Amino acid sequence: MCGFVGMFKKAPLEDLDKTLINNMSESIAHRGPDEDKALIFENLAIAFRRLSIIDLEKGSQPFEYRERFVGIFNGEIYNYRELRAELIEKGFEFKTNSEIEVMLTLFSVEGEKFINKLRGMFAFCFYDKEKNTITLGRDPFGIKPLYYIEREGRILFSSESKAFYLDPSLDKTLIDKTNLQHYFTFQYIPEPQTLHPEIKILPAGYYMVCDFNGDKDVRLEKYYTPVFRPQKSNDFEKKAELLRRTVEKSVEYHMISDVDVGTFLSGGIDSAVITATASKLNPGIKAFTVAFGVKEYSEIEEATGIAKHLDVEHIKLVAGLEDFKRAFDKVVYHLDFPVADPSTMAIYLICEEAARHLKVVLSGEGSDELFGGYRVYNETVVSDKLNALPNFIKKPLKSLSKALPDHVKGKQLLYRGTTPLEERYVGNAFIFNEEEKGKILKTFDPEVNFAQVTKDIYADVKGMPGITKMQYVDMNTWLRGDILVKGDRLSMAHSLEVRVPFLDKEVFALASTLHSDEKLSHKTTKYIFRHAFRDLVNEETVMRPKLGYPVPVRKWLKDELYLWAKDIIVNSGGEEYIDKKEALRLLDAHREGKEDNYRKLWVILVFLRWYSLFVK
């Protein structure tokens with residue numbers, strides 16, 4: 001829902017500042033096509049783009065409250081009705097049925113701490129005229145974005161970072177070389193950093209107070225930390241039942257809307273559970289599925305079976321090579337900074353299709369991080385046991401793993417089991433290793449290591465089981481930098497709001513108590529979750545492994561996309577960063593079948609196209 005931009009200064013705003021805010025607002029018009037509105041004060045300019053979902057008639061923003069407070073917010077507060085009722089009991093009166101009025105009322109009473117009462121996805125800016133301060137905040141999981149540039153006496157903020165590239169004072173050619181190096185490891189830039197040294201993103205679970213009246217202009221405060229507390233339960237069935245009720249309640253909350261709500265439906269259990277639960281609340285719900293016209297990269301057959309079992313209206317989009325090419329530049333542009341996940345192409349196209357029918361869809365993101373769903377988590381069943389062995393046994397086993405040829409079965413298992421997670425696991429994607437980055441990156445610095453990103457994250461879960469460590473790393477890196485970025489930016493590119501019921505404070509509170517055996521059991525992942533919903537979907541869906549919007553990039557780069565990829569490498573610029581000869585070597589080796597380089601190539605192609613769109 002919506003988007004906003006703003007500027008807060010110590011000195012009075014100038015005409016150039018006001019023009020910049022208008023231009024920035026135009027650049028994010030896709031986030032809110034229903035209404036645009038700006039307010040200018042002596043030190044603050046804010047502009048809002050509205051996608052009308054709640055209180056269609058009276059929910060306009062910016063919203064002014066009691067002549068002292070002004071607020072703008074992007075997202076949804078799912079418990080705003082309960083909060084509103086509590087405030088009415090205390091004597092407060094309301095002019096609208098909007099979330100923003102409830103939020104500002106709470107803020108007027110409790111100040112910054114009001115944020116702890118919110119259940120939802122959000123980014124906001126509240127202005128206190130009396131104190132001449134602004135408060136910026138972001139939801140606990142980082143579902144909604146909030147970028148900012150902080151300079152002495154000025155802060156610029158926006159729902160999308162592309163708006164900053166309209167600022168004449170920003171040097172667009174600057175690229176943070178350390179974060180570029182991390183991008184080549186992770187396939188995205190880990191938050192709160194970006195590829196531009198001045199642009200930052202407010203971390204998930206934080207708020208920021210900007211006060212130019214005192215000694216310290218900006219103060220960041222962390223208000224939420226997702227803490228895992230695994231507890232072995234003596235009553236598995238009771239725990240599974242509670243899990244189901246909690247998820248169902250979250251879906252019910254996420255269905256709150258004054259417009260129609262649909263769902264994304266793949267072939268896996270996450271989207272099936274969301275669709276099944278939502279269809280109970282609204283039997284006329286629409287479910288959307290995308291696939292490319294290559295059989296091994298399609299989940300349409302599986303999704304069709306689920307839709308038939310649930311008896312829901314099923315809208316299917318079969319995309320082809322030309323759809324892929326048409327969408328590529330738009331995907332790179334709307335992602336703001338490079339995210340080299342091939343699934344972005346499928347997500348962009350299904351959002352485009354869904355937006356033709358409605359304004360809101362539910363999606364299954366977050367389930368794997370919360371319930372332990374990624375297949376890579378299975379390795380901890382063995383690696384935890386191997387890592388517990390004495391060093392005099394582990395050391396020769398590790399040496400053996402290095403000596404064995406790559407094709408020998410068990411080589412990787414030995415390596416993982418004798419190497420601490422902290423030294424090798426950075427999340428779901430690990431693209432270029434240090435040696436490979438030295439070949440492709442002209443700016444490679446051997447003093448920069450990927451483990452620098454995850455060091456503090458691992459410190460928070462020291463002593464925890466392997467799967468818990470992996471989940472925590474993924475929640476703090478992969479989920480925020482990849483999954484939620486592509487979900488928000490590519491849906492809002494089409495003025496479509498995506499809601500994620502699994503990423504809810506109450507759902508996490510329960511998921512955080514799950515024991516390793518409740519997540520990895522019976523030769524599958526997230527076992528207790530599958531068990532809790534097994535009567536709701538067909539049996540094949542319950543046990544089906546995750547595919548995750550498969551796209552035939554591996555296949556097409558060998559043939560159909562070869563010349564297309566070569567042209568991007570040769571003509572997009574960026575020679576000061578990328579060794580083009582090595583990039584072309586990777587492309588040719590992939591085409592000839594000598595190496596499987598499609599993930600590495602996608603990282604290169606996305607960066608170079610981003611460079612040509614934003615920097616060149």
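Keep in mind that this is a model prediction, so the values were computed, not measured.

Cut-off values and rules
- Residues numbered from 1 in each chain as written.
- Predicted model: local features only at pLDDT ≥ 70, side-chain atom pairs only at ≥ 80, totals over all residues.
- Heavy atoms only, no water.
- Pairing = 2+ DSSP bridges.
- Helix = DSSP H or I, 4+ residues; strand = E, 2+ residues; numbered from the N terminus.
- Axes fitted to C-alpha atoms, helices over the stretch in contact; angles between N-to-C directions.
- Polar contact = N/O pair within 3.5 Å; in protein donor to acceptor, adjacent residues only side chain to side chain.
- Contact = heavy atoms within 4.5 Å.
- Core = buried A, V, L, I, M, F, W, Y, C linked by side-chain atoms within 4.5 Å.
- Buried < 20%, exposed > 50% of the residue type's maximum accessible area, 1.4 Å probe, protein only.
- Salt bridge = Lys/Arg side-chain N within 4 Å of Asp/Glu carboxyl O.
- Left-handed = near helix turned anticlockwise from the far one by under 90°.
- Phe/Tyr/Trp six-rings, centres within 6.5 Å; stacked < 30°, edge-to-face > 60°.
- Lys NZ or Arg CZ within 6 Å of the ring centre and 35° of its normal.

Q: Would you mind showing me how to read the sheet that holds strand β8 (residues 147-151) here?
A: Consider a sheet: its strands pair through backbone hydrogen bonds, and that pairing is either parallel or antiparallel. Pairing in this open sheet of six strands is antiparallel, and the strands run β2-β3-β1-β9-β8-β10 from one edge to the other. The open sheet has two edge strands with one neighbour each: β2 (35-40) and β10 (199-201). Between one strand and the next, the sheet's axes are offset by a mean angle of 15°, whatever the strand orientation. One ladder, built from three bridges, connects β8 with β10; its direction is antiparallel. Looking across to β10, one finds that I149 is bridged to I199.

Q: Looking at this model, I keep getting lost on the side chain of N132. Mind explaining?
A: Note that N132 resides in the loop between β6 (120-128) and β7 (133-138). At 3.1 Å, the side chain of N132 forms a polar contact with the side chain of Y127. If we ignore the near neighbours within four places in the chain, the residues touching N132 are F8, N43, Y127 and N213.

Q: Where do I start with the nonpolar core in this structure?
A: Ranked by size, the top nonpolar core spans 211 residues in total, and within it F607 and W610 carry the most contacts. Element by element, the count of residues in this core is highest for helix α25 (residues 598-614), at 12 residues. Those residues within four positions of F607 in sequence are excluded, and the remaining contacts are I175, L180, Y183, L195, P338, Y577 and I578.

Q: Looking at this structure, I do not really get the pattern of salt bridges. What am I missing?
A: Between side chains of opposite charge, a pair can form when the charged atoms approach closely. Taken as a whole and assessed by the stated rule, the structure comprises 49 salt bridges. Between K162 and E160 there is a salt bridge, with the nearest N and O atoms lying 2.6 Å from each other. One exposure class covers both K162 and E160, and it is buried. Among the ionic contacts, a cluster of salt bridges with common partners joins R31, K144, E160, K162, D336, D488 and R489.

Q: Mind showing me how you'd approach the packing of helix α5 (residues 236-254) against helix α6 (residues 269-281) here?
A: Describing two packed helices takes the angle between their axes plus the distance from one axis to the other. Two elements in contact, α5 and α6, have axes separated by 10 Å at closest approach and are oriented at 65°. Of the two possible hands of crossing, α5 and α6 adopt the one that is right-handed. Here R244, V247, E248, V251 and E252 of α5 come into contact with α6, specifically with V273, I274, T277, A278, K280 and L281.

Q: When you look at the pairing of strand β13 (residues 261-264) in this model, what are you seeing that I'm missing?
A: Across a regular strand the side chains alternate sides, sitting on one face of the sheet and then on the other. Across the two faces of β13 the burial is the same, with V261 and T263 and G262 and F264 all buried. With three bridges connecting them, β13 and strand β16 (residues 360-362) associate as parallel partners. Of the residues in β16, the one forming a bridge with T263 is L362. For β13 and strand β14 (residues 286-292), the ladder comprises two bridges, and the chain directions are parallel. Residue pairing across strands places T263 opposite A287, the latter belonging to β14.

Q: Just to check I follow, could you spell out the packing of aromatic side chains for this structure?
A: When we look at a pair of aromatic rings, we describe it by the centre distance and by the angle of the planes. Summed over all chains, the structure comprises 44 aromatic pairs. Plain terms: the ring middles of F292 and W556 are 5.7 Å apart, the flat faces sit at 90° to each other, and that makes the pair edge-to-face. With F292 in strand β14 and W556 in helix α22 (residues 553-556), this pair connects stretches of sequence that are 264 residues apart. Given a relative accessible area of 2%, F292 falls into the buried group. Joined through ring pairs, the aromatic side chains of Y165, Y183, F184, Y333, F337, F432, Y577, F607, W610, Y611 and F614 make up one cluster. Against the face of Y562 rests R591, its NZ or CZ located 3.9 Å from the ring centre.

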